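# Structure assessment
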Amino acid sequence: MIKEVVAKGILIPNKHSENWFGAKYTMNIYRGCEHQCIYCDSRSACYQIENFEDVEVKINALELLHKTLKGKRSKAIVGTGSMSDPYTLCETSYTLTRRALKLIATYGFGIHISTKSDMVRRDLDILKTFQNRVTVAFTITTVDDRLAALVEPFAPSPSRRLAAMKELSDAGIPVGVLMMPILPYIEDSPEGIDRLLESALRHGASFCFWHVGMTCREGQREYYYQKLDEHFPGLKERYIQRYRDRYVCDSPRLVELHERIRDFCDDNGLITDFDSLLERYPEHRAVQSALFSE
Ligand code: SF4
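Let us look at the structure shown here. From a predicted model like this one, the values you see are computed outputs, not experimental measurements.

A word on the overall build of the protein. In terms of regular secondary structure, the protein is built from 12 helices and 12 strands. Scaling as 2.2 N^0.38, a compact globule of 294 residues should have a C-alpha radius of gyration of about 19 Å, and the protein matches this with 19 Å. In terms of principal-axis extent, the alpha carbons of the protein reach across some 55 × 45 × 30 Å. The 294 residues of the protein split such that 45% are buried. When contacts within the protein are restricted to residue pairs at least 6 apart in sequence, long-range pairs at least 24 apart make up 81% of them.

As structure tokens, then:
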């Protein structure tokens, strides 16, 4: 169900902006997400989202954003896509993300987008106006469209995400891949990881960040286990035996795959740390460094 709500604020300051694409602020226009990934961390009880199937639309997001950006003395990077996908399905009709991007660009701020959707192609005209003060990361956990349909049931397929990545890259937008999570026993085969890396590179990725494993918390865990029982019978028991109630659930192949990914990235010039990323895209860096003058 879609619920329209009036929000109090729209930009949350990030304490460690150097750790996530230089983003000083986080913007979430939606709360809850229609992509319904079975492993979604935003289901965790600590976020107090009563029903993750419902999506709250911050209907006054643009007024709030306008007021907030107008009042800021120095420019910075706004990040979006951490708690909810900015291109969740109802964005098609609400177009709030699109209009927020326009405002952010108009005020001279930079933008970082993380998404699992190819809907971002729609906004390419606006992304181009950021003049390199922009990065777009596509989250891809497998390139197997059939497997993705089980674990990310309502998100556009990885093939569509890769096609969007290529289109943005060809248009000069810095793009890359977030390989996180990599679900233990499901997505952590060396062959699967190689295919994902090669596909990302072929489709224009210039950076890659990863976690060979997942995180699991109360609320999120129960839902995930229920879906494991539906789609991967017997796997829940292996998870319980190995991870119990651990928050960080690394793949048993963590070390091997970590080295494999790092080697691939080094061999092919993919950026793997935020400092280097901000060096590679100096205009993005310039907006980020402006925050120190505040
Ligand atoms: S796209 Fe992201 S926020 Fe949306 S359900 Fe999937 S993991 Fe959660």
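On we go.
Here we take up the sheet that holds strand S4 (residues 30-31). Spatial ordering of the open sheet is given by S1-S5-S4, a layout of three strands whose pairing is mixed. Of all strands in the sheet, those with a lone pairing partner are strand S1 (2-5) and S4, marking the two edges. Judged from the two bridges that link them, S4 and strand S5 (residues 55-58) form a sheet pairing that is antiparallel. The residue of S5 that forms the bridge with Tyr-30 is Val-57.

This part is about helix H1 (residues 61-70). Every buried residue belonging to H1 is among Ala-61, Leu-65 and Leu-69, and all of these are buried. For H1, the buried positions fall inside an angular range of 50° around the axis, keeping them on one side. Looking at H1, the residues exposed on the side facing more than 90 degrees away from the buried face are Glu-63, Lys-67 and Lys-70. Tucked into the core, H1 has its buried residues touching S5 and helix H3 (96-106).

Below, the discussion takes up the pairing of strand S9 (residues 175-179). Taking burial as the measure, the five residues of S9 include five buried ones, the bulk of the element. Side chains Val-175, Val-177 and Met-179 project from S9 onto one buried face, and the interleaved Gly-176 and Leu-178 project onto a second face that is buried too. Sheet topology note: the strand S8 (residues 134-139)/S9 ladder contains four bridges and is parallel. Within S9, the position partnered with Ala-137 by the bridge is Gly-176. Here S9 runs beside strand S10 (residues 207-210); their pairing, made up of four bridges, is parallel. Note that in S10 the partner of Leu-178 across the bridge is Phe-209.

The seven strands are arranged S2-S3-S6-S7-S8-S9-S10 in an open sheet whose pairing can be described as mixed. The open sheet has two edge strands, strand S2 (11-13) and S10, and neither has a second partner. Within this sheet the neighbouring strands show an average axis-to-axis angle of 25°, counted without direction. Pairing of strand S6 (residues 77-80) with strand S7 (residues 110-115), which is carried by four bridges, proceeds in the parallel orientation. Directly across from Ile-77, in S7, lies its bridge partner Gly-110. The strands touched by helix H6 (residues 158-170) are S8 and S9; relative to S8, the strand with the most contacts, the crossing angle is about 165°.

Right, let's get into the environment of Pro-153. Residue position: Pro-153 is located in the loop between helix H5 (145-151) and H6. Exposure remark for Pro-153: the 14 C-beta atoms within 10 Å place this residue in the partly exposed category. Separated by 98 residues in the primary sequence, Pro-153 and Val-55 place their C-alpha atoms 16 Å from one another.

As paired elements, S1 and S5 share four bridges and run parallel to each other. Its bridge partner being in S5, Glu-4 is matched across the sheet by Val-57.

This brings us to the packing of helix H8 (residues 220-231) against helix H9 (residues 235-243). The geometry of H8 relative to H9 is characterised by a closest axis approach of 8 Å and an angle of 140° between their N-to-C directions. Taken as axis vectors, H8 and H9 run oblique relative to one another. On H9, the residues that touch Tyr-225, Leu-228 and Asp-229 of H8 are Leu-235, Lys-236 and Tyr-239.

In this section: the packing of H1 against H3. Remark: H1 packs on H3, axes separated minimally by 10 Å, with the N-to-C direction vectors making an angle of 15°. What the angle tells us is that H1 and H3 run roughly parallel. Judged by the sense of rotation from one axis to the other, the crossing of H1 with H3 is right-handed. Contacts from Ala-61, Leu-62, Leu-65, His-66 and Leu-69 in H1 reach Leu-96, Arg-99, Ala-100, Leu-103 and Ile-104 in H3.

Now for H8. Its 12 residues give H8 an end-to-end C-alpha distance of 17 Å, which sits within 8% of 16 Å, the value for a rise of 1.5 Å per residue. Within the span of H8, buried status applies to Gln-220, Arg-221, Tyr-224 and Leu-228. End-on view of H8: buried residues confined to an arc of 85°, all on one side of the axis. Facing away from the buried side of H8, by more than 90 degrees, are the exposed residues Glu-222, Gln-226 and Glu-230. Lining the buried residues of H8 we find H9.

Criteria and cut-off values
- Residues numbered from 1 in each chain as written.
- Predicted model: local features only at pLDDT ≥ 70, side-chain atom pairs only at ≥ 80, totals over all residues.
- Helix = DSSP H or I, 4+ residues; strand = E, 2+ residues; numbered from the N terminus.
- Rg over C-alpha atoms; globule rule 2.2 N^0.38 Å.
- Buried ≥ 20, exposed ≤ 12 C-beta atoms within 10 Å, placed from the backbone.
- Contact = placed C-beta atoms within 7 Å.
- Pairing = 2+ DSSP bridges.
- Arc of directions from axis to C-beta.
- Axes fitted to C-alpha atoms, helices over the stretch in contact; angles between N-to-C directions.
- Parallel < 35°, antiparallel > 145°, perpendicular 65-115°, else oblique.
- Left-handed = near helix turned anticlockwise from the far one by under 90°.
- Expected span 1.5 Å × (residues − 1).

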